[in-house]
Amino acid sequence: MLAAYACDPAHSRGRRFAQAPALGRTEYQRDRDRIVHCSAFRRLVYKTQVFLNHEGDLFRTRLTHSLEVAQLGRSMARSLGLNEDLVEAIALAHDLGHTPFGHAGQDALNECMAPFGGFEHNLQSLRVVDQLEERYPQFDGLNLTFETREGVLKHCSRIHAEEIEAGEPDGVGHRFLRGTQPSLEAQLCNLADEIAYNAHDIDDGVRSGLITLDQLQQVALFDDFRRQSLAEFAHLQDQAAGRRLLYESIRRMLGAQVHDVIAATSRALRQAAPHSADEVRQMPALVQFGEEMGTKSLVLKHFLLHQLYRHPRVLQTTGQAREMLRALFNAYRAHPQEMQPRFVARFYALQGVSDGAEGAARVIADYIAGMTDRFATREHERLMKSDLLVESSSSVFGAP
Ligand code: MG
């Protein structure tokens, strides 16, 4: 049962290219199906979340992360009377624009692209679904509904929002210029994303040996549930119980966060009493943690940042990944013909165009951002063997 403030596919703001409705599917279910079948979605399986893929088969990848976000998002959406299909579509698409090698890759590409408008992974996710997927005869991209695209573009700098607004007045860039909120379904995905990675990074962190259960006792949000689990199942203390204490604590922590979001958001919705999805967009953010859970969640994030994401071993591998992407970027600038044919064609089509240099750099960024970790590694090896890696950038873009 959809609440009045949920997004209703029958009242979608529609697609950029009008299409007849699909038989037997709502517009958001159709979006979800398009996302699951696209190439960028399949690449998520070989893209790093926090740990490099080759470090172990059980660590999260962007794909399993996205599935966990969709699961958490859908179950909260159901309780809140929101549109589950839209939440699922946004969750499955939210990381499509991520580079190989996680945040290290994104930082490296952003540095390389600094003279050409920078690189933001949220904006790249939108580029993937709006332009880069080549599957349909009539248009580029997946031609998703406004509501899914609105959710995919989670953050956006003002300068990029202005560019989007110029091409699509009152479109998905608009809210970043006005300071308004997206749909509740989009807000819910943001929080589901946060809940998912906080939980699975504890699991992956302990699995990798970079953080320990003892260290986690500093984190109230986790430790409350560790104690609760031990009080109920004393045998979880034993070696023979393996990882069950970790899993039981994380399971309880996830459950408590989900219930907290449902309770706090229901309260906010009762107070604000929006009558439609459009009214929601004019209100402050309504999907939220309760105050206490919000504070505890921040403490956990802080812990993970310092103990895990900035762990010397993580920094070492991400440093190497960063170098690799920089080298690839410079190599393609000097030897654009080394990219795959459709990118080579796009690259040369921009020669002689007024903003050709920026456009050509964007083609390289699109190519690199689309790579999986292992494709990037293989490409780096291939170019190194062929002696095509260049130290500094060549004059490709400077030529008149
Ligand atoms: Mg995410």
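Since the model is a prediction, treat every value here as computed from it, not as a measurement.

Visitor: What is the right way to read the nonpolar core from this model?
Guide: I35, L96, L188 and I202 are the most contacted members of the largest nonpolar core, which totals 79 residues. Looking at this core, the element that brings in the most residues is helix α10 (residues 184-208), giving eleven residues. The residues that make up this core include at least three from each of domain 1 (22-178) and domain 2 (184-313). Once residues lying within four places of it in the same chain are set aside, the contact partners of L188 are G73, M76, A77, L80, L82, V87, V261 and V287. If you look at the next biggest cluster of nonpolar residues, it comprises 30 residues, including L325, A331, L383 and L388.

Visitor: Looking at this structure, how should I read the domain arrangement of the protein chain?
Guide: Reports of interface size often rely on the accessible area that becomes lost once the parts have come together. By domain assignment, the protein chain separates into domain 1 (22-178), domain 2 (184-313) and domain 3 (314-393). Between domain 2 and domain 3, the contact holds seven residues from the first and four residues from the second. Both faces considered, domain 2 and domain 3 share a buried interface measuring about 390 Å² in area, 51% of it formed by carbon and sulfur atoms. Between domain 2 and domain 3 we count zero salt bridges in total. For the interface between domain 2 and domain 3, the tally reads seven residue pairs in polar contact (both at pLDDT 80 or more). Those elements that provide at least two residues to the side of domain 2 that touches domain 3 are α14 (291-309) and α15 (312-334).

Visitor: Got a minute to help me understand the coordination of the magnesium ion in this structure?
Guide: Perfect tetrahedral coordination of a metal by four donors corresponds to 109.5 degrees between them, and perfect octahedral coordination by six donors corresponds to 90 or 180 degrees. Each protein donor to the magnesium ion is listed here as H65 (NE2), H94 (NE2), D95 (OD) and D193 (OD); together their distances run 2.2 to 2.7 Å. Linear spacing of the donor residues for the magnesium ion on their chain is H-x28-H-D-x97-D. In this pair, the class of H94 matches that of D95, namely buried.

Visitor: Is there a simple way to explain the pattern of salt bridges in this structure?
Guide: Between side chains of opposite charge, a pair can form when the charged atoms approach closely. Per the counting criterion, the structure on display carries 39 salt bridges. The shortest N-O distance in the salt bridge between E150 and R281 comes to 2.8 Å. Here E150 is found in helix α7 (residues 146-152), whereas its partner R281 is found in helix α13 (residues 277-281), with 131 residues between them in sequence. Counted as one network, the salt bridges with shared partners bring together R25, R32, D33, R74, R78, E84 and E88.

Visitor: Whenever I open this one, the side chain of H98 confuses me. Can you help?
Guide: Along the chain, the position of H98 falls in the loop between α4 (84-93) and α5 (102-112). Residue classification places H98 among the buried positions, given a relative accessible area of 2%. Within the structure, the side chain of H98 is placed 3.3 Å from the side chain of H121, a separation counted as a polar contact.

Visitor: Would you explain α14 in this entry?
Guide: Since the α-helix advances by 3.6 residues per turn, residues separated by three or four positions end up pointing in the same direction. Taking 1.5 Å per residue, 19 residues should reach 27 Å; α14 reaches 26 Å between its end C-alpha atoms and fits that length. Along α14, the positions that sit buried rather than exposed are M293, S297, L300, F303, L304 and L308. Projection of α14 onto a plane perpendicular to its axis shows the buried side chains occupying an angular sector of 120 degrees, all on one side. Exposed residues lying more than 90 degrees from the buried face of α14 are E291, L298 and H302. On its buried side, α14 packs onto α10, α11 (220-232), α12 (244-272) and α15.

What counts and what doesn't
Residues numbered from 1 in each chain as written. Predicted model: local features only at pLDDT ≥ 70, side-chain atom pairs only at ≥ 80, totals over all residues. Heavy atoms only, no water. Core = buried A, V, L, I, M, F, W, Y, C linked by side-chain atoms within 4.5 Å. Buried < 20%, exposed > 50% of the residue type's maximum accessible area, 1.4 Å probe, protein only. Helix = DSSP H or I, 4+ residues; strand = E, 2+ residues; numbered from the N terminus. Domains from an automatic or database assignment. Contact = heavy atoms within 4.5 Å. Buried area = accessible area lost by both parts, 1.4 Å probe. Salt bridge = Lys/Arg side-chain N within 4 Å of Asp/Glu carboxyl O. Polar contact = N/O pair within 3.5 Å; in protein donor to acceptor, adjacent residues only side chain to side chain. Donors = N, O, S within 2.8 Å, 3.2 Å for Na, K, Ca; no water. Expected span 1.5 Å × (residues − 1). Arc of directions from axis to C-beta.

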